[in-house]
Protein chains: 2
Amino acid sequence: MYKIQLSSDDVPTKWYNINADLPVELPAPKNSKGRDQISTLPDIFVGECLNQEFSTDRYISIPKEVREIYQQIGRPTPLYRATKLEEKLNTPAKIYYKREDTSPTGSHKLNSALAQAYYAREQGIERVTTETGAGQWGSALALACSMMGIDCTVYMVRVSYDQKPFRKGVMQLYNSTIHASPSTNTEVGRKVLEETPDTPGSLGIAISEAVEDALSDDNVRYTLGSVLNHVILHQTVIGQEIKTQLEIAEEEPDTMIACVGGGSNFGGAMFPFMKDKIDGNSDTEFIAVEPSACPTLTQGSYDYDFGDNVGFTPLLKMYTLGHEFVAPSVHAGGLRYHGMNTQVSLLTHEGYITPKAVHQRDVFTAGQMFANCEGIIPAPETCHAIAATIDEARRCKETGEEKTIVMNFSGHGLMDLKGYESFIDGSLENSK
Amino acid sequence: MYKIQLSSDDVPTKWYNINADLPVELPAPKNSKGRDQISTLPDIFVGECLNQEFSTDRYISIPKEVREIYQQIGRPTPLYRATKLEEKLNTPAKIYYKREDTSPTGSHKLNSALAQAYYAREQGIERVTTETGAGQWGSALALACSMMGIDCTVYMVRVSYDQKPFRKGVMQLYNSTIHASPSTNTEVGRKVLEETPDTPGSLGIAISEAVEDALSDDNVRYTLGSVLNHVILHQTVIGQEIKTQLEIAEEEPDTMIACVGGGSNFGGAMFPFMKDKIDGNSDTEFIAVEPSACPTLTQGSYDYDFGDNVGFTPLLKMYTLGHEFVAPSVHAGGLRYHGMNTQVSLLTHEGYITPKAVHQRDVFTAGQMFANCEGIIPAPETCHAIAATIDEARRCKETGEEKTIVMNFSGHGLMDLKGYESFIDGSLENSK
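Just so it is clear, the structure is predicted and the values come from calculations on it, not from any experiment.

Quick look at the interface of chain B and chain A
Across the boundary between the two partners, chain B contributes 44 residues, which contact 44 residues of chain A. Interface area for chain B against chain A, summed over the two sides, is near 3900 Å², with a carbon-plus-sulfur share of 59%. Between chain B and chain A we count 0 salt bridges in total. Of all elements in the fold, only α3 (64-72), α6 (136-148), α8 (165-173), α15 (360-374) and α17 (418-424) of chain B reach the threshold of two or more residues within the side of chain B that touches chain A. Of all the elements, α8(B) adds the most residues to the side of chain B that touches chain A, at 6 residues. Among the residues forming the side of chain B that touches chain A, the class breakdown is 22 nonpolar, 14 polar and 8 charged.

Some details on the nonpolar core
Ranked by size, the top nonpolar core spans 112 residues in total, and within it A:Trp15, A:Leu114, A:Phe266, A:Leu347, B:Leu85 and B:Ile377 carry the most contacts. Per element, the largest residue contribution to this core is 9 residues, and it comes from helix α6 (residues 136-148) of chain A. Of all hydrophobic cores here, the second largest spans 110 residues; its members include A:Cys383, A:Ala388, B:Ala113 and B:Ile178.

Considerations on the sheet that holds strand β6 (residues 127-132) of chain A
Residue and element names in this part refer to chain A. Read from one edge of the open sheet, 4 strands run β8-β7-β6-β9, paired in parallel fashion. Whereas interior strands pair on both sides, the edge strands pair on one side only; in this sheet they are β8 (177-181) and β9 (220-222). On average, each strand axis in the sheet is inclined to that of its neighbour by 25°, with strand direction left out of account.

Notes on the side chain of A:Thr91
All names here are of chain A. In this fold, threonine 91 is placed in the loop between α4 (83-89) and β5 (94-99). For threonine 91, a relative accessible area of 11% gives the class buried. Those residues in contact with threonine 91 that sit more than four places away from it in its chain are Glu86, Ala393, Cys396 and Lys397.

Structural notes on unusual backbone geometry
A cis geometry characterises the amide bond from A:Arg75 onward to A:Pro76, with omega recorded as -5°. One can find A:Pro76 in the loop between α3 (64-72) and β4 (79-81). For the peptide bond that leads from A:Ser181 to A:Pro182, omega is 5°, which places it in the cis range. Among the secondary structure elements, A:Pro182 is positioned in the loop between β8 and α9 (187-195). In this model, B:Asn90 sits at a positive phi of 50°, which is unusual for a non-glycine residue. With a phi close to 70°, B:Val227 is a non-glycine residue in the positive phi region. Note on placement: B:Val227 falls in the loop between β9 (220-222) and α11 (229-249). A relative accessible area of 10% means that B:Val227 is categorised as buried.

A closer look at the layout of surface pockets
Residue and element names in this part refer to chain B. Volume-wise, the second largest pocket comes out at about 250 Å³. Contributing to the lining of the second largest pocket are 13 residues, with Lys243, Glu252, Pro253, Phe273 and Asp276 lying nearest its centre. Looking at the lining of the second largest pocket, the elements with two or more residues in it are α11 and α12 (264-278). Among the elements that make up the lining of the second largest pocket, the one with the highest residue count is α11 (3 residues). Class assignment of the residues belonging to the lining of the second largest pocket gives a composition of 3 nonpolar, 3 polar and 7 charged.

Notes on the sheet that holds strand β6 (residues 127-132) of chain B
Residues and elements named next belong to chain B. Spatially, the 4 strands line up as an open sheet ordered β8-β7-β6-β9, and their pairing is parallel. Strands at the two margins of the open sheet, each flanked by one partner only, are β8 (177-181) and β9. With strand direction ignored, the average angle separating the axes of adjacent strands in the sheet is 25°. Pairing between β6 and β9: 3 bridges, direction parallel. Residue pairing in the sheet places valine 128 in a bridge with arginine 221 of β9. Strands β6, β7 (151-157), β8 and β9 of the sheet are contacted by helix α10 (residues 203-215), whose axis makes an angle of about 170° with β6.

Considerations on the pattern of salt bridges
Residues and elements named next belong to chain A. Tallied over the entire structure, the rule returns 42 salt bridges over all chains. For lysine 191, the salt bridge goes to glutamate 195, with nearest N and O atoms at 3.6 Å. Remark: glutamate 195 and lysine 191 occur in helix α9; sequence separation between them is 4 residues, near one turn of the helix. What makes lysine 191 exposed here is its relative accessible area of 54%.

A few points about the relation of the copies chain B and chain A
For the pair chain B and chain A, the superposition axis carries a translation of 0.0 Å, the fit reaches an RMSD of 0.0 Å, and the rotation angle comes to 180°. Those values place the two copies in the arrangement expected of a two-fold rotation axis. Take the interface residues of chain B: 100% of them recur as interface residues in chain A, which is what a same-surface contact looks like.

Description of the environment of B:Asp151
Residues and elements named next belong to chain B. By the secondary structure assignment, aspartate 151 is in strand β7. Separated by 83 residues in sequence, aspartate 151 and histidine 234 have C-alpha atoms that sit 21 Å apart. Ignoring any residue separated from it by four or fewer positions in sequence, one finds aspartate 151 in contact with Glu126, Arg127, Val128 and Cys145.

Thresholds, definitions, all that
Residues numbered from 1 in each chain as written. Chains lettered and ligands numbered in written order. Predicted model: local features only at pLDDT ≥ 70, side-chain atom pairs only at ≥ 80, totals over all residues. Heavy atoms only, no water. Contact = heavy atoms within 4.5 Å. Buried area = accessible area lost by both parts, 1.4 Å probe. Salt bridge = Lys/Arg side-chain N within 4 Å of Asp/Glu carboxyl O. Helix = DSSP H or I, 4+ residues; strand = E, 2+ residues; numbered from the N terminus. Nonpolar A, V, L, I, M, F, W, Y, C, P; charged D, E, K, R; others polar. Core = buried A, V, L, I, M, F, W, Y, C linked by side-chain atoms within 4.5 Å. Buried < 20%, exposed > 50% of the residue type's maximum accessible area, 1.4 Å probe, protein only. Pairing = 2+ DSSP bridges. Axes fitted to C-alpha atoms, helices over the stretch in contact; angles between N-to-C directions. 1 Å grid on protein atoms, 1.4 Å probe; cavity = no way out; pocket = protein on both sides within 12 Å on 5 of 7 lines; lining within 4 Å. Points joined across faces, edges and corners; volume = space filled by probe spheres on them. Least-squares fit on C-alpha atoms with pLDDT ≥ 70 in both.

Here it is in structure tokens:
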């Protein structure tokens, strides 16, 4: 069986909330620097998203309209068996991958973008703001806002804005307004431009601009594409679908693998499987794969830190490389975050998640092998999961274990081919 | 129902050959210029493809290995209902679209590329050559050859080679060798470079180089991505799947719409429905949509002409703008061909196909509307079919007809965003 396809009726009706099942209590967010960041949150975020952020209900119903649009954009996504890759590796392992690349914007990001845009509109919010680096999140939010009929403003890091005109084009096609960040649109932006007119920008500056913009008008809110619990909550449609698909295939996962940046594709795929492990009813291994150039889980400390790098957010207990850490510009732009979702952090600290760091050249080597076997060109972020999957399948070849490996294929790489280009021409480095 | 999804078992087992059911005899190819082009065909083309080209068998079995790879790359592709587009247009028409963009290379081209690469390998051919302009065909052939384990050389028109580095990157990732054409690799190329060192190249030159390369070695053959009967034959998996899907939806198509360049996505989707019309058992309208800038079917003459523009091919009876016609550089590079598949030409001449030409700005306007309703960004070629579909749905609104419209969504536009960019910034012209 190459493809395990569910019907539209099988789109989950509820999201799963890991807060209900954590093995120890989640450390609460804290204020800092004498400021009360926590009380400003309702002015920054959409109300229902904030409720979900701190909810401990195990299941939260997916609104009818959101579920229908999930169906319209092709959910449930298929689960594929990587038979050609297995043949190439000559492994006794069985490799499955969940096709989140089949979304119109090419990644899992739309699952949360649609929910956030929906709740914003329901609250009477007229416009949402966000930042984007690589562009996957910005594209998804732009489409979601277009579908929900609200406006969208994206602050895109200047260097990406200049280097990725097509990403910008996609967001504009979906009727969003795009500002190269730093922009003259905000106080933060104008200040940075005055001091350093030639700055390439940073995600930190772009976040600050998007938040300032949201705070400037009561009809505007800020949205985020990863890191927070409500974002991962929306992504749990992935893992719930995988569960149903594995039942059809009569498989139990021995190993589940996904890449981690802020944690949203990882948590979305894994959390629905986590309760059984926490309860001692499963020994599935959950592998979180990050770049060696931004080794948050493998080399960071488990500590309180800011979610952004100017201190707009409360302090969060998480694995962090320090909020002033600037990761080298690896091509997997989606994985260059200094911190990590608090739930993923806690579960890693408690030993339920196995973190792993991989080098950039190995990542693209794995991506090319996958593309030539299975056809699909993976996003650089997704290549991290593939590299770990190939390692695991090779280990199975040595040991003879017939493991069932399930990987979350978070997105395709068709709009991020620059990395492959430098990989092929030999100029790609391991730490840049 | 948003999505009509078949199972892997439903991939057709046979291709359908329109030659068996044409209403009048197909005019045979002719030699010209005192040369015997017909007898050189076996040195140019793979033997089984040439057999299929002239076969009159109604069905030709799909080899087991090809059918399995069709399954692996996700066939059958889903048929979607465009409910949001219908709502936006407030039309009583029902609009369905066949998702050929879900292939790993983003278009229908892989259906024939896999078959051609398979037959080449079975014949003991070690390498195939081809030309590519926009890059959809080159990418598909590169992947197909990689999957079949044979080499692939692509002559890519110089201007595309320079302007579309990512398309080149995709083909290299799939292990193909790419030459900017004109190249120093062939006599034709060297001659052109000597006379006009700064030439941007043309599809005609690239074809000539690919054919010369194939003729230079008995272990090498040339492949083509459209125009010929065997190519459309391989594409008839599309139409056969649509038939099954419409039966499930309990629909009869009133209007079927696809874009036409050489005719492969059009014929692939339509031919399996054509016999009923030829036999007088159906009055489905088949609309073939072409750019006003390259109006082969709407303004060309039905006459004998060369398939290429240097005269390597026999003369073919087809609609043509003249083999020396150079279409303006519209963004739908896949539709810039001076001629047309002979079977599509004959059926148009006999009144079974309704040709229609659309202007470039209307095409992108339609593409943007589709993207914002349905999420997917269409290839510029596919936007032609969408423009005609929207016209038809609007006509239904005026007349109140509840027509069932079925459109072939031939490919996504994620690697061809340049056209959208100039559409959005206002610089797009209608005839360039």
